[in-house]
Amino acid sequence: MHDLKFIRENPDAFDAAMKMRGLEPQASVILSLDESRRSAQTRMQDMQSRRNTVSKEVGQRKAKGEDADDLIAEVQALKDGLAQAETEEREHAEKLDGLLCSLPNLPFEDVPFGADEDDNVEIRKVGNPKPFSFDAKEHFELGEALGLMDFETAATMSGARFVILKGALARLERALANFMLDTHTGMNGYTEAIPPFLVRDNAVFGTGQLPKFSEDLFHTDNGFWLIPTAEVPLTNTAAEKIWDETDLPMRYTAWTPCFRSEAGAAGKDTRGMIRQHQFSKVEMVSIVHPDKSEEEHERMTACAEGILQALGLPYRTVVLCTGDMGFGARKTYDIEVWLPGQDRYREISSCSNCGDFQARRMKARFRSAGEKGTRFVHTLNGSGLAVGRTLIAVLENYQNADGTITVPEALRGYMGGIEVIGAAG
């Protein structure tokens, strides 16, 4: 949600930001609806004031035994006019809110301008891809050959974009998630949470998935949405509350299943585990003071990168351009891990600073000591990491010529002594 006061005072800057997002100017339409809404509110106030005055005069005349028919008629006319003005105010407000809710967040000034992922800017590259003396296989080739990754059986019960992991690969996914949680809670200062996986409209609206992206979500018959990421419930822990400044920052992490319809991804990554309807992810969410959000963004990104460093996985970090950035973000870093089977880097984490965009939708505020007024918090979210994609990266980077998988040192304590994953017995 956008700040109307900012738009009134900075219409040109707002339109410039919308242009960076690839949209036509919006300020004049917004301000016109705002003016119509406020005009209706003023008329309502004037008519209500006049109605109160005339109603008193009616009582005074009747007390004196004087005729008050003309005043009674005016009261009725004011009542009818008030109802009409209320209808107009509501209609203008609904149109205004609908428009504001449909517009993406404003990018920070240092976000590169661009149309799509080709215009993203690499800011660092860490680690060198391992040279193989054999042709590197993709993760699904490795998993199926080991007998531990079953897409066919999953499809018979659920359709495409599902998988069954078995044996050591199932344990490896659990080991990765536990390693990530232990790192984020033990070293990075996050509080672990187990949030609901089903949420109502207000929660997905608050983080920006509704109304624009409803087709990308799964919805139940009784009014729930399956979470597309733990960002939704974790960020909504701040909703509808006024926090003390001393409560900030609040940092949460959670390992949850995530559900996405992938409505906009037809034909993309149809084989394997890269893009699925159900996947697991360890999410990080920070709720912070506005003055600290840019610093927190760098910190969060470093936390996500630290997982890849500990696992010995080569990666690069890019800053997304305006055309590739998510709806609710002001700035996003994507971390892309090297996949030798694909001979390319693929996204494994997005860390976004949303500023006060989500907080306005959720009415999440804080108050500084000694101050009467409140301010909106800033919210940030990042994958720390996508567990399934990290599993893919481990399989492809730690594969051996015979098709076995060497378990990274950082995970061996979670694997019950397994150092090499071989074929199912």
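For the protein chain, the name recorded in an unreviewed UniProt entry is Serine--tRNA ligase, with Pacificispira spongiicola as its organism. Its UniProt record gives the protein chain the following Sequence similarities (unreviewed entry) comment, quoted word for word: "Belongs to the class-II aminoacyl-tRNA synthetase family. Type-1 seryl-tRNA synthetase subfamily."

For the rest of this paragraph, the subject is the sheet that holds strand β14 (residues 364–367). If you walk across this open sheet you meet the three strands as β8-β14-β15, and the pairing is mixed. A single partner strand is all that each edge strand has here, and the edge strands are β8 (241–244) and β15 (375–376). Pairing geometry for β8 and β14, over four bridges, is parallel. Of the residues in β14, the one forming a bridge with Ile242 is Arg365.

Another point: the packing of helix α7 (residues 167–186) against helix α12 (residues 387–397). Packing of α7 against α12 leaves a shortest axis separation of 10 Å and a crossing angle of 115°. Judged by the sense of rotation from one axis to the other, the crossing of α7 with α12 is right-handed. Residues Leu169, Leu172, Glu173, Leu176, Ala177 and Met180 of α7 lie in contact with α12, whose contacting residues are Val387, Gly388, Thr390, Leu391, Val394 and Leu395. For the contact of α7 with α12, the per-class residue count stands at nine nonpolar, two polar and one charged.

Let us look at the side chain of Thr404. Along the chain, Thr404 falls in the loop between α12 and β17 (405–406). Polar contacts involving the side chain of Thr404 include one to the side chain of Asp402, which spans 2.6 Å. Non-local contacts of Thr404, meaning those with residues more than four positions away in its chain, are made with Tyr398, Gln399, Val420, Ile421 and Gly422.

On to the nonpolar core, then. Leu172, Leu176 and Ile421 are the most contacted members of the largest nonpolar core, which totals 49 residues. Of all the elements in the fold, those that place two or more residues in this core are α5 (139–146), α7, β10 (278–288), α10 (293–311), β12 (331–339), β13 (344–353), β16 (378–386) and α12. At nine residues, α7 tops the list of elements feeding residues into this core. Those residues in contact with Ile421, other than ones at most four positions away along the chain, are Leu146, Leu148, Ala168, Leu169, Leu172, Thr404, Ile405, Val407 and Met415.

Quick look at the domain arrangement of the protein chain now. With domains assigned, the protein chain is organised as domain 1 (4–102) and domain 2 (117–421). Averaged C-alpha coordinates put domain 1 and domain 2 at centres separated by 45 Å. Each side of the interface is counted separately: domain 1 has four residues, and domain 2 has nine residues. Summing both partners gives a buried area of about 560 Å² for domain 1 against domain 2, and 48% of it is carried by carbon and sulfur.

Among the residues of α5, His139, Phe140, Leu142, Gly143 and Leu146 are the ones counted as buried. For α5, the arc enclosing every buried residue in end-on projection is 160°, short of the 170-degree limit, so these residues lie on one face. Its buried side turned inward, α5 meets β2 (149–150), α6 (151–158), α7, α12, β17 and β18 (420–421). Backbone geometry just downstream of α5 places Gly147 in the positive-phi region, at approximately 75°.

Moving on: the pattern of salt bridges. Taken as a whole and judged by the stated rule, the model has 19 salt bridges. A salt bridge links Asp70 to Arg61; the shortest N-O distance between them is 2.8 Å. For Asp356, the salt bridge identified is with Arg360, shortest N-O distance 3.2 Å. Because the salt bridges share partners, they merge into one network encompassing Arg8, Asp34, Arg37 and Arg38.

Another aspect to go through is the UniProt feature "binding site: L-serine" (unreviewed entry) in the protein chain. Under the local residue numbering, the UniProt record ascribes the feature "binding site: L-serine" (unreviewed entry) to Thr229, Ala230, Glu231, Arg260, Glu283, Asn381 and Ser383. Mapped onto the secondary structure, Arg260 falls in the loop between β9 (250–259) and β10. With relative accessibility at 30%, the residue Arg260 sits in the partly exposed group. Engagement of the side chain of Arg260 in a polar contact is seen with the backbone oxygen of Pro228, the distance being 3.0 Å. Here Glu283 shows up in strand β10.

About the thresholds
- Residues numbered from 1 in each chain as written.
- Predicted model: local features only at pLDDT ≥ 70, side-chain atom pairs only at ≥ 80, totals over all residues.
- Heavy atoms only, no water.
- UniProt positions renumbered as here; feature names shortened; annotations may be inferred.
- Pairing = 2+ DSSP bridges.
- Helix = DSSP H or I, 4+ residues; strand = E, 2+ residues; numbered from the N terminus.
- Axes fitted to C-alpha atoms, helices over the stretch in contact; angles between N-to-C directions.
- Left-handed = near helix turned anticlockwise from the far one by under 90°.
- Contact = heavy atoms within 4.5 Å.
- Nonpolar A, V, L, I, M, F, W, Y, C, P; charged D, E, K, R; others polar.
- Polar contact = N/O pair within 3.5 Å; in protein donor to acceptor, adjacent residues only side chain to side chain.
- Core = buried A, V, L, I, M, F, W, Y, C linked by side-chain atoms within 4.5 Å.
- Buried < 20%, exposed > 50% of the residue type's maximum accessible area, 1.4 Å probe, protein only.
- Domains from an automatic or database assignment.
- Buried area = accessible area lost by both parts, 1.4 Å probe.
- Arc of directions from axis to C-beta.
- Salt bridge = Lys/Arg side-chain N within 4 Å of Asp/Glu carboxyl O.

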